[in-house]
Amino acid sequence: MEEAKGILVLQASYTNPVHAEAICHVLNGYAEDPMGGGHSLPPEVLLHLPEELAKRPHAFSVLAFVNGEPAGLVNCFEGFSTFACRPLVNIHDMIVMKEFRGLGLSQKMLQKVEDIARQRGCCKITLEVLEGNAVAQGSYTKFGFAAGMFDPAHGTMQFWIKPL
């Protein structure tokens, strides 16, 4: 936990009602942002999200509060690197609410994610970022992230999806 200038960054407890409400509030803010798709999440998703996350033993979330207000969120899932034969952490969602941007929250939350990943013995942290999201890319670069690649001759890794 870190408290400075009214900023609190912590690993969320999915069963804590304050944390559960904050997760849903910030994630919905992300969904409503153009970088998150521009649409609110369905009420059914928000109703069940914390309990569903709690069912996944390798999931964890980091929350940031500013003067008690939910301000940022990182949802993470542990995966496994077959090349390293060690776990990894994938950042699935990361958001700082518009009104709290510029306070360094992304760096503080990323540091908390890294601390948890190191405690778990992880070999790396992965994430996806939209090509047009220069602000997020700048934050990730500042923290030490770079586009994934094995050999520059083959280019950078791409993130593909197939909806089910």
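Our structure is the block above this text.
Here is what the cut-offs are and how they apply
Residues numbered from 1 in each chain as written. Predicted model: local features only at pLDDT ≥ 70, side-chain atom pairs only at ≥ 80, totals over all residues. Heavy atoms only, no water. Disulfide = S-S within 2.5 Å. Buried < 20%, exposed > 50% of the residue type's maximum accessible area, 1.4 Å probe, protein only. Phe/Tyr/Trp six-rings, centres within 6.5 Å; stacked < 30°, edge-to-face > 60°. Salt bridge = Lys/Arg side-chain N within 4 Å of Asp/Glu carboxyl O.

Student: What is the right way to read the state of the cysteines from this model?
Tutor: One way to say it: the disulfide is the covalent bond shared by the sulfur atoms of two cysteines. Considering all chains together, one arrives at 0 disulfides under this definition. Looking at the unpaired Cys 76, the closest cysteine sulfur is the one in Cys 122, lying at 9.8 Å. The class for Cys 76 is buried, based on a relative accessible area of 0%. Not part of a disulfide, Cys 85 finds its nearest cysteine sulfur in Cys 123, a span of 9.7 Å. Cys 85 gets classed as exposed once you look at its relative accessible area, which sits at 58%.

Student: What is the right way to look at the packing of aromatic side chains in this model?
Tutor: For any pair of aromatic rings, the description consists of the separation of the ring centres together with the inter-plane angle of the planes. All chains considered together, the criterion is met by 3 aromatic pairs. For the pair Tyr 140 and Phe 145, a centre-to-centre distance of 5.9 Å together with 65° between the ring planes defines the contact as edge-to-face. Relative accessible area serves as the criterion here: at 9%, Tyr 140 is assigned to the buried category. A relative accessible area of 18% means that Phe 145 is categorised as buried. Among the aromatic residues, those joined into a cluster by ring pairs are Tyr 140, Phe 143 and Phe 145.

Student: Mind showing me how you'd approach the pattern of salt bridges here?
Tutor: Oppositely charged side chains can form a pair if their charged atoms are brought close together. Following the criterion strictly, the structure yields 6 salt bridges and no others. With a shortest N-O distance of 2.9 Å, Lys 55 and Glu 52 are connected by a salt bridge. The exposure class of Lys 55 is exposed, given its relative accessible area of 55%. The closest approach of N and O atoms between Arg 56 and Glu 52, which form a salt bridge, is 3.3 Å. Salt bridges sharing partners connect three or more residues here, namely Asp 33, Lys 98 and Arg 101.

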